[in-house]
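# A structural walkthrough
Letter by letter, the chains look like this.
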Amino acid sequence: MAVLVTGGTGFIGSHTVVELLEAGEDVVVIDNFFNSKPGVINAVQDITGKGFAFYEGDVADKEILRRIFRENFIEEVIHFAGYKAVPESVEKPIMYYRNNIDTTLSLFEVMEEFGCRRLVFSSSATVYGFPEKVPVTEDFPLSSINPYGSTKLMIENMCRELCHADERWSVALLRYFNPIGAHESGKIGEDPNGIPNNLMPRILNAASGKTPMLYVCGDDYPTPDGTCIRDYIHVVDLAKGHLAAISAVREKHGALAYNLGTGKGYSVLEIINTFEKVNGVKVPHEIAPRRPGDAAKCYSSPKKANKELGWKAERGIEEMCRDAWNFVLQTHIR
Ligand code: WQD
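An account of the accompanying structure is given in this report. (Residues numbered from 1 in each chain as written. Predicted model: local features only at pLDDT ≥ 70, side-chain atom pairs only at ≥ 80, totals over all residues. Heavy atoms only, no water.)

Inspection of the region around the ligand gives 19 residues, with Tyr-148, Leu-199, Arg-230, Arg-291 and Asp-294 positioned closest. Between the ligand and Asn-198 there is a distance of 2.9 Å, counted from an oxygen atom to a side-chain nitrogen or oxygen. Between the ligand and Asp-294, the relevant distance is 2.6 Å, taken from an oxygen atom to a side-chain nitrogen or oxygen of the residue. Relative to its unbound accessible area of 690 Å², the ligand is 90% covered by the protein chains. At the level of elements, α7 (199–207) and β8 (214–217) are the ones that each hand at least two residues to the shell around the ligand. Ranked by residue count, the leading element in the shell around the ligand is β8, at four residues. Looking at the shell around the ligand residue by residue, the class counts come to ten nonpolar, five polar and four charged. (Near = heavy atom within 4 Å. Polar contact = N/O pair within 3.5 Å; in protein donor to acceptor, adjacent residues only side chain to side chain. Areas by Shrake-Rupley, 256 points an atom, 1.4 Å probe, with all protein chains shown as cover. Helix = DSSP H or I, 4+ residues; strand = E, 2+ residues; numbered from the N terminus. Nonpolar A, V, L, I, M, F, W, Y, C, P; charged D, E, K, R; others polar.)

With that settled, the discussion passes to the sheet that holds strand β12 (residues 266–267). Pairing is mixed across the open sheet formed by three strands, whose spatial order is β12-β9-β14. The open sheet has two edge strands, β12 and β14 (297–298), and neither has a second partner. Alignment of strand β9 (residues 229–230) against β12, held across two bridges, turns out to be antiparallel. Counted as the bridge partner of Ile-229 is Ser-267 from β12. (Pairing = 2+ DSSP bridges.)

So, about the pairing of strand β1 (residues 2–6). Remark: a regular strand shows side chains that alternate across the two faces of the sheet. Burial runs high along β1: five of the five residues are buried. Pairing of β1 with strand β2 (residues 26–31) involves five bridges; the strand directions are parallel. In the sheet register, Leu-4 faces β2, and the bridge partner there is Val-28. Bridge count between β1 and strand β4 (residues 74–79): five bridges; the pairing is parallel. Across the sheet, the residue bridging to Leu-4 is Val-77, located in β4. (Buried < 20%, exposed > 50% of the residue type's maximum accessible area, 1.4 Å probe, protein only.)

If you walk through the whole model with that rule in mind, you get eight aromatic pairs. Measuring from ring centre to ring centre gives 6.4 Å for Tyr-128 and Phe-140, while their planes differ by 85 degrees; the resulting arrangement is edge-to-face. Of this pair, Tyr-128 sits in the loop between β5 (118–124) and α6 (147–165) while Phe-140 sits in the loop between β5 and α6, and the two are twelve residues apart along the sequence. Assigned by exposure class, Tyr-128 and Phe-140 land together as buried. (Phe/Tyr/Trp six-rings, centres within 6.5 Å; stacked < 30°, edge-to-face > 60°.)

Looking now at unusual backbone geometry. Generally, phi is negative for residues other than glycine and the peptide bonds are trans, each holding for most cases. Note that the residue after Val-134, namely Pro-135, is joined by a cis bond; omega there is 0 degrees. Relative to the assigned elements, Pro-135 resides in the loop between β5 and α6.

Right, let's get into the packing of helix α5 (residues 93–113) against α6. Axes are the key here: two packed helices are described by the angle between their axes and the distance separating the axes. Packing of α5 against α6 brings their axes to within 9 Å, and their N-to-C directions diverge by 25 degrees. Judged by the inter-axis angle, α5 sits roughly parallel to α6. Along this stretch, α5 crosses α6, giving a crossing that reads as right-handed. Between α5 and α6, the contacting residues are Pro-93, Tyr-96, Tyr-97, Asn-100, Ile-101, Thr-104, Leu-105 and Phe-108 on the first element and Pro-147, Tyr-148, Ser-150, Thr-151, Met-154, Ile-155, Met-158, Cys-159 and Leu-162 on the second. Split into classes, the residues belonging to the contact of α5 with α6 amount to 13 nonpolar, four polar and no charged. (Axes fitted to C-alpha atoms, helices over the stretch in contact; angles between N-to-C directions. Parallel < 35°, antiparallel > 145°, perpendicular 65-115°, else oblique. Left-handed = near helix turned anticlockwise from the far one by under 90°. Contact = heavy atoms within 4.5 Å.)

Our focus in this paragraph is the side chain of Asn-279. In this structure, Asn-279 sits in helix α9 (residues 268–279). The residues contacting Asn-279, other than those within four sequence positions of it, are Cys-321, Arg-322 and Trp-325.

Let's shift gears to the sheet that holds β4. Within the open sheet, the seven strands sit side by side as β3-β2-β1-β4-β5-β6-β11. Their pairing is parallel. On the outer flanks of this sheet lie β3 (53–56) and β11 (254–260), each paired with one strand and no other. Strand after strand, the sheet turns through a mean of 15 degrees between neighbouring axes, direction not considered. Sitting on the sheet, α5 touches β1, β4 and β5, and the angle it makes with β4 is about 170 degrees.

Printed below as a string of structure tokens:
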């Protein structure tokens, strides 16, 4: 019996594979390295001392999926594979619809063929659009504010309708807030291909000199220091949330949405200042204009996940900042 992890060499996927292996689960991974590197496979094996089956390929390819299900007894699937860059999705919406929806439809079809109907889906807080207030709870209105978010919302709706049509399905929809940090070993972390969009990889680039400056996107928001507030969550806490979700889909049926966040909000400047303090390095930064589409504040209420999944984020922003920098120091990705 195994858990299939699509996109399992990516940032959140690789950390989740580590937690699954360390919990004694058998794991199978499929990835096409669109936003990850083959070295992650050895790094995960080094961390855990355990192996796992790996298939290089695209999740949209039903033939490779059928091969995986024929060669392994897959009981659950954790579905990370998908494009996730918001600005790129605005420029290339069709590419995002085609990739993120195609992969998911192929996965549904092959799972159904093999009688595997337990899924943990990598959703996102972006399905809340611009929340009218904070903290955000799972019953807030859902909307899409960019094509990336539209694909997440479309897939959530597909999961809800699938579970309504066939009660044998059980799906956990995990809405991530802002994952940052890295495994304490420093062997895996956030190492996107190409130019990163998110705050922490850009902080790392500025701190390591890979880029000359970090630009803070606006300091005129209605927040204490004028910069945007987000719910940053340690990627290891997030990975552990997936383990809890696997237990939930083994026991329950239907589509269940959960916020995976800390319930605390920190501003951009607070993250930068914490990063500099815990690591003893400077992050060259200056204020720039607002980034279109940014909400002033977005942070979670994780009470439903705390209660129903028995999961709670434990790591603070100091540990997130320290582990993120340690990954750079250990792997010299400068
Ligand atoms: C965080 C804050 C920026 C870069 C997005 C997606 C979300 C999820 C996480 C996938 C914002 C500020 C950023 C920079 C900055 N992705 N910032 N300078 O936008 O909250 O969420 O990533 O699931 O779905 O929407 O994260 O890290 O891009 O930005 O000042 O160079 O950092 O303005 O306030 P975001 P982010």
